[in-house]
Amino acid sequence: MIRKVILCMMLALVFPAAGLKAKESSALQELTELSDTVFQLTRQSQYEEAVQILQYFEKRLKAAENGETEGIMTGSEIRQVSLAYHDTLKRLESEDVAQQEKFKAAAQFRMLMDAIESDHDPLWSSLKKPIMDSFSALKAGIQKEDNLTFREKWNHFLSLYDTIYPSLTIDVSPKQLKSVSNHIAVVENGGFQQMTESSKLERLTLLEKDLEDVFDQVEEDDADPSLLWVILTTGSIILSTLTYVGFRKYKAEEDRRRKREKDWPK
């Protein structure tokens, strides 16, 4: 009899806990699915609908945190999601924000929620190849002393890294991210262009290795191809824009040089 009483008490403790865990998982899954809907609508340029889903997302997040499923995210994760939510909402509502920037914000938001929900194979890991492939072009630009190409490829790399950065703060240690940020800061510093070729290549190699270590923590994901397609398309748009701007700047400098030569007394 005593054994039966103990068994009943144990079941009473276990099953409510399991039910609560299931509710927490369901609530988090719902929020993640809403972020995916925002992303898909943004991809189709249906910004008003995406904003409506975002506003509903906020209500569901508050309800989850204040209701029975309190604790589905840590305080740090809630702050991250809140920042991403407000940034995405601001960009989608603005008529002055370019289409690719809206894509990027929605993709960041989508990948952040996935990183919080997923225990493995996060969506951000699917961008390993385009990010790591950037280094071949960056090193080639240095070796050819082609500063314009290097800057274009570097900006492309920064755009891709910036897209996954919010997700990295969930899955990667602050120490690793700090190391990557330090290497990026060195390249961004104006003194980088004054370095020798070997020093530049060494610095890029250190950054490349740190990023390899970041991606090696997770298995590559067979991520939603639509997400990867949008990220790569966005990167291409940004790269094309930078190339055009760079060409215009180069052409203007050439025109000024020719004019000075023409006006110079013979």
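Going by the structure above, here's the rest.
A brief structural summary.

Scoring rules and cut-offs
Residues numbered from 1 in each chain as written. Predicted model: local features only at pLDDT ≥ 70, side-chain atom pairs only at ≥ 80, totals over all residues. Heavy atoms only, no water. Salt bridge = Lys/Arg side-chain N within 4 Å of Asp/Glu carboxyl O. Helix = DSSP H or I, 4+ residues; strand = E, 2+ residues; numbered from the N terminus. Buried < 20%, exposed > 50% of the residue type's maximum accessible area, 1.4 Å probe, protein only. Contact = heavy atoms within 4.5 Å. Axes fitted to C-alpha atoms, helices over the stretch in contact; angles between N-to-C directions. Parallel < 35°, antiparallel > 145°, perpendicular 65-115°, else oblique. Left-handed = near helix turned anticlockwise from the far one by under 90°. Nonpolar A, V, L, I, M, F, W, Y, C, P; charged D, E, K, R; others polar. Core = buried A, V, L, I, M, F, W, Y, C linked by side-chain atoms within 4.5 Å.

## Here we look at the pattern of salt bridges
Alright, step 1. Tallied over the entire structure, the rule returns 12 salt bridges.
Alright, step 2. With its nearest N and O atoms 3.1 Å apart, the salt bridge here joins Arg91 to Asp87. Of this pair, Arg91 and Asp87 both sit in helix α3 (residues 75-93), separated by 4 residues, roughly a single helical turn.
Alright, step 3. Relative accessible area serves as the criterion here: at 26%, Arg91 is assigned to the partly exposed category.
Alright, step 4. For the salt bridge of Glu208 with Lys139, the shortest nitrogen-to-oxygen distance reads 2.8 Å. Placement of Glu208 in helix α8 (residues 197-216) and of Lys139 in helix α5 (residues 128-143) is noted, with a sequence separation of 69 residues between them.
Alright, step 5. Since its relative accessible area comes to 22%, Lys139 is described here as partly exposed.
Alright, step 6. Put simply, Asp87, Arg91 and Glu101 are held in one network by salt bridges that share partners.

## Focus on the environment of Phe192
Alright, step 1. Note on placement: Phe192 falls in the loop between α7 (174-188) and α8.
Alright, step 2. If near-sequence neighbours (up to four positions away) are discounted, Phe192 is found in contact with Ile142, Phe150, Val186, Val187, Lys200 and Arg203.

## What about the packing of α5 against helix α6 (residues 147-171)?
Alright, step 1. Put simply, α5 and α6 touch, their axes get as near as 9 Å, and they point 160° apart. One finds that α5 runs roughly antiparallel with respect to α6. Like other packed secondary-structure pairs, α5 and α6 cross with a definite hand, here left-handed. Across the interface between the two elements, Pro130, Ile131, Ser134, Phe135, Ala137, Leu138 and Ile142 of α5 pack against Phe150, Lys153, Trp154, Phe157, Leu160, Tyr161 and Ile164 of α6.
Alright, step 2. Taken together, the residues that form the contact of α5 with α6 break down as 12 nonpolar, 1 polar and 1 charged.

## Overview of the side chain of Ser167
Alright, step 1. One can find Ser167 in helix α6.
Alright, step 2. Residue contacts for Ser167: discarding those within four places in its chain leaves Gln108, Met111, Leu112, Ala115 and Trp124.

## Side note on the nonpolar core
Alright, step 1. In terms of nonpolar packing, the biggest core is built from 30 residues, with Trp124, Ile131, Trp154, Phe157 and Leu211 touching the most fellow members.
Alright, step 2. At the level of secondary structure, the elements contributing two or more residues to this core comprise α4 (99-117), α5, α6, α7 and α8.
Alright, step 3. Sort the elements by how many residues they give to this core and α6 lands first, with 7 residues.
Alright, step 4. If near-sequence neighbours (up to four positions away) are discounted, Trp154 is found in contact with Leu138, Ile184, Val187, Glu188, Leu204 and Leu207.

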